[in-house]
Amino acid sequence: MGITEISIWKKLLRKSNMRYALIRSQDISNGPGFRVSIFVQGCTRHCPNCFNKETWDEDGGYEWNSKKEKILLDLCDNKHIEGLSILGGEPLLHFEKGRGNEYKDMIHLVKAFKERFPEKTIWVWSGYRWDDIITRPSRMRVKYVRKFLSYIDVLVDGPYKERFSFPGLKYMGSANQRLIDVQKSLANFNECRKKGNENKYKVFELPPSGPIYNGPVKREIIATQNKIYNNQKGV
């Protein structure tokens, strides 16, 4: 049996569970304030000079389960944690048509997070453009991807493009990406759709600098964060 056949059989035999590469218990790089971040496993986009090539392999990383979800949610249950950041890999990969049921784990995670922490935010980084997800859903499971987005606060959309990567970009890998206010943009799209004007929707973007952190800063928290960040520690 050749390598291609083995790869196909591995995908067929894989359990329909999401896989992840890393969970950071404290992250100050991906979103405002102190956050918990999860890097999901699997990406077919393969952007040149991607920062996270180790997350491309759909069979890599670790299998997700209810125990891991509880660990992540418990990490978020700290006063100094402002929210959850979901990166990859490609968080929306399994919302594509023809794939497994891994998307159910994604929906369950964001739903459980918002039910437990309604005041905290969820940020998602995706190589898909907003248009690809919302108005050109030929590749996506429309019902489920929109349900997922109903729990998301900010989407950083678009693929990483090295030629647009400049020093000082905040929360974005390259300048072609956008910080999208998902709830405002989704509400506007739904209103336009009701009126039969889907093509006249608006995308509400946050300033390129992004929201700033205004919460309490404790030296011991910063010291812990720096130690974790510098050593790339995770769960």
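Description of the structure in this document. Keep in mind that what you see is a predicted model, and the values were worked out from it rather than measured.

Conventions adopted
Residues numbered from 1 in each chain as written. Predicted model: local features only at pLDDT ≥ 70, side-chain atom pairs only at ≥ 80, totals over all residues. Heavy atoms only, no water. Helix = DSSP H or I, 4+ residues; strand = E, 2+ residues; numbered from the N terminus. Buried < 20%, exposed > 50% of the residue type's maximum accessible area, 1.4 Å probe, protein only. Areas by Shrake-Rupley, 256 points an atom, 1.4 Å probe, with all protein chains shown as cover. Arc of directions from axis to C-beta. Polar contact = N/O pair within 3.5 Å; in protein donor to acceptor, adjacent residues only side chain to side chain. Expected span 1.5 Å × (residues − 1). Contact = heavy atoms within 4.5 Å. 1 Å grid on protein atoms, 1.4 Å probe; cavity = no way out; pocket = protein on both sides within 12 Å on 5 of 7 lines; lining within 4 Å. Points joined across faces, edges and corners; volume = space filled by probe spheres on them. Nonpolar A, V, L, I, M, F, W, Y, C, P; charged D, E, K, R; others polar. Pairing = 2+ DSSP bridges. Axes fitted to C-alpha atoms, helices over the stretch in contact; angles between N-to-C directions. Left-handed = near helix turned anticlockwise from the far one by under 90°. Right-handed = clockwise from strand over helix to strand, strands pointing away.

## Let's talk about the overall build of the protein chain
Helices and strands together make up the secondary structure of the protein chain, namely seven helices and seven strands. Reading the protein chain from its N end, one meets helices and strands in the order α-β-β-β-α-β-α-β-α-α-β-β-α-α. Here the protein chain, with 235 residues, has 46% of them falling under the buried criterion. Of the accessible surface of the protein chain, which amounts to about 12,600 Å², a share of 52% is contributed by carbon and sulfur atoms.

## What to know about helix α2 (residues 66–76)
Of the residues making up α2, those classed as buried are E69, L72, L73, L75 and C76. One side of α2 holds all its buried residues, which, seen down the axis, span an arc of 155 degrees. Of the exposed residues in α2, the ones pointing more than 90 degrees away from its buried face are K67 and K70. Looking at where α2 begins, the residue whose side-chain oxygen comes 3.1 Å from the main-chain nitrogen of K67 is N65.

## Considering helix α3 (residues 102–116)
Taking 1.5 Å per residue, 15 residues should reach 21 Å; α3 reaches 22 Å between its end C-alpha atoms and fits that length. Here α3 has its buried residues at E102, Y103, D105, M106, I107, L109, V110, A112, F113 and K114. Buried-residue contacts for α3 involve β2 (34–40), α2, β4 (81–87), β5 (121–126) and α5 (142–149).

## Brief notes about the layout of surface pockets
Considered as a void within the structure, the largest pocket measures approximately 910 Å³ in volume. The wall of the largest pocket is formed by 36 residues, among which N30, F51, N52, L87 and W125 lie closest to the centre. Looking at the lining of the largest pocket, the elements that each hand over two or more residues are β1 (19–27) and β5. Per-element accounting of the lining of the largest pocket gives the leading share, three residues, to β1. Split by residue class, the lining of the largest pocket holds 17 nonpolar, 14 polar and five charged.

## Things to note about the sheet that holds strand β3 (residues 62–63)
Strands sit in the order β3-β1-β2-β4-β5-β6-β7 across an open sheet of seven strands; the sheet is mixed. Across the chains shown, the open sheet's two edge strands, defined by having one partner strand only, are β3 and β7 (178–181). Docked against the sheet, helix α6 (residues 182–194) engages β6 (154–157) and β7, running at close to 65 degrees with respect to β7.

## Re the packing of α2 against α3
For the pair α2 and α3, the least separation of the axes is 11 Å and the interaxial angle reads 35 degrees. Between α2 and α3 lies a crossing whose hand is right-handed. Within the contact between the two elements, α2 uses E69, L72, L73, D74 and C76 and α3 uses H108, L109, A112, F113 and R116. Looking at side-chain class alone, the contact of α2 with α3 contains six nonpolar, one polar and three charged residues.

## Points about the pairing of β5
Among the six residues in β5, five count as buried, and that is most of the element. Both β4 and β5 contribute to a ladder of four bridges, which runs parallel. Counted as the bridge partner of L84 is I122 from β5. Viewed along the sheet, the connection from β4 through α3 into β5 turns out right-handed.

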